[in-house]
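If you want the building blocks of each chain, they are given just below.
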Amino acid sequence: DKAKSRESLSVYSKQEADTADKKSLDAAQQANENASNRVAKNGDMLTGPLISTYVDALRLKQTKRSFIFRFDGSNFYLLKTKENDPDGSWDDSRPITINAGSGEVTLGGTARVTGVLYVGSSGAWIAQDGNVWGSKWGGWLADFVNGVANRANDAWNKANDAQVNRVTAGWVDGNYLPRGQNE
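The structure reproduced in this document is the subject of the present report. (Residues numbered from 1 in each chain as written. Predicted model: local features only at pLDDT ≥ 70, side-chain atom pairs only at ≥ 80, totals over all residues. Heavy atoms only, no water.)

Strand order across the open sheet formed by four strands is S6-S7-S8-S9, with antiparallel pairing between neighbours. Either end of the sheet is taken by a strand with one partner, and the two such strands are strand S6 (117–119) and strand S9 (139–140). (Pairing = 2+ DSSP bridges. Helix = DSSP H or I, 4+ residues; strand = E, 2+ residues; numbered from the N terminus.)

A few words on the packing of aromatic side chains. Any pair of aromatic rings gets described here by the distance separating the centres and the angle formed by the planes. If you walk through the whole model with that rule in mind, you get four aromatic pairs. Ring geometry for Trp-125 versus Trp-140: centroids 5.7 Å apart, planes at 85°, classification edge-to-face. With a gap of 15 residues between them, Trp-125 in strand S7 (residues 124–126) and Trp-140 in strand S9 connect regions that are remote in the sequence. Trp-140 sits in the partly exposed class, given a relative accessible area of 28%. What links up through ring pairs into an aromatic cluster is the set Tyr-118, Trp-125, Trp-133 and Trp-140. (Phe/Tyr/Trp six-rings, centres within 6.5 Å; stacked < 30°, edge-to-face > 60°. Buried < 20%, exposed > 50% of the residue type's maximum accessible area, 1.4 Å probe, protein only.)

On the secondary structure map, Ser-89 appears in the loop between strand S3 (75–80) and strand S4 (96–99). Counting along the chain gives ten residues from Ser-89 to Leu-79, while the straight-line C-alpha distance between them is 9.2 Å. The contact partners of Ser-89, leaving out residues within four places of it in the chain, are Thr-81 and Lys-82. (Contact = heavy atoms within 4.5 Å.)

Attention shifts here to the sheet that holds strand S1 (residues 58–61). Spatially, S1-S2-S3-S4-S5 is the arrangement adopted by the five strands of the open sheet, whose pairing is antiparallel. Of all the strands in the sheet, just S1 and strand S5 (105–107) have a single pairing partner and so form its edges. Along the sheet, successive strands turn relative to each other by an average axial angle of 10°, direction set aside. (Axes fitted to C-alpha atoms, helices over the stretch in contact; angles between N-to-C directions.)

Below, the discussion takes up the pattern of salt bridges. Following the criterion strictly, the structure yields three salt bridges and no others. Asp-56 serves as the salt-bridge partner of Arg-70, at 2.5 Å between the closest nitrogen and oxygen. Taken together, the positions of Arg-70 in strand S2 (residues 66–71) and Asp-56 in the loop between helix H2 (14–36) and S1 put the pair 14 residues apart, joining distant regions of the chain. Taking the relative accessible area as the measure of exposure, Asp-56 reaches 23% and is therefore partly exposed. Here Asp-91 makes a salt bridge to Lys-80, at a shortest N to O gap of 2.6 Å. Remark: Lys-80 occurs in strand S3 and Asp-91 occurs in the loop between S3 and S4; sequence separation between them is eleven residues. (Salt bridge = Lys/Arg side-chain N within 4 Å of Asp/Glu carboxyl O.)

On to the pairing of S3, then. Counting buried positions along S3 yields five of six residues, so the element is predominantly enclosed. As paired elements, S2 and S3 share five bridges and run antiparallel to each other. Across the sheet, Phe-67 pairs through a bridge with Lys-80, a residue of S3. Hairpin connection from S2 to S3: three residues lie between these consecutive antiparallel strands, with Gly-73 at a positive phi of about 100°.

And the structure:
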């Protein structure tokens, strides 16, 4: 029985044993390093950038729906799945699209701004009450429109007054004789 035990016994030289121990140690260190560089499923903190070369890089999943960050090389999209299909592909809507070349942002649905919306580099903006400020009309659009309407009213009133005065004066001249002529 000792002979059978000796058959399964491996004998190494010191150099072979040191090499085998080093390989085992290297493998253990590599496994430890790999494990320490992984993100834990139950949450973790990154101290560097998270880089993905996958087109649909990130899916934020909830029970009924997911949102997907997608960059196809030309456009970045914030997409959503169909309701009750959080593991499915995105639906037909495109809530937010950003063109990588031009930087143009497209909002593919109803957009609500709860503050002031600034537009362009000239400082135009849309106020919460719907009024628009811009250099094109010299300030607030409501003031510009009111000014135009007031000038139009003034012009109409002057034209109307002139017509009434002309008609009245003509009628009087035609129907009444000057004093002393009808006596």
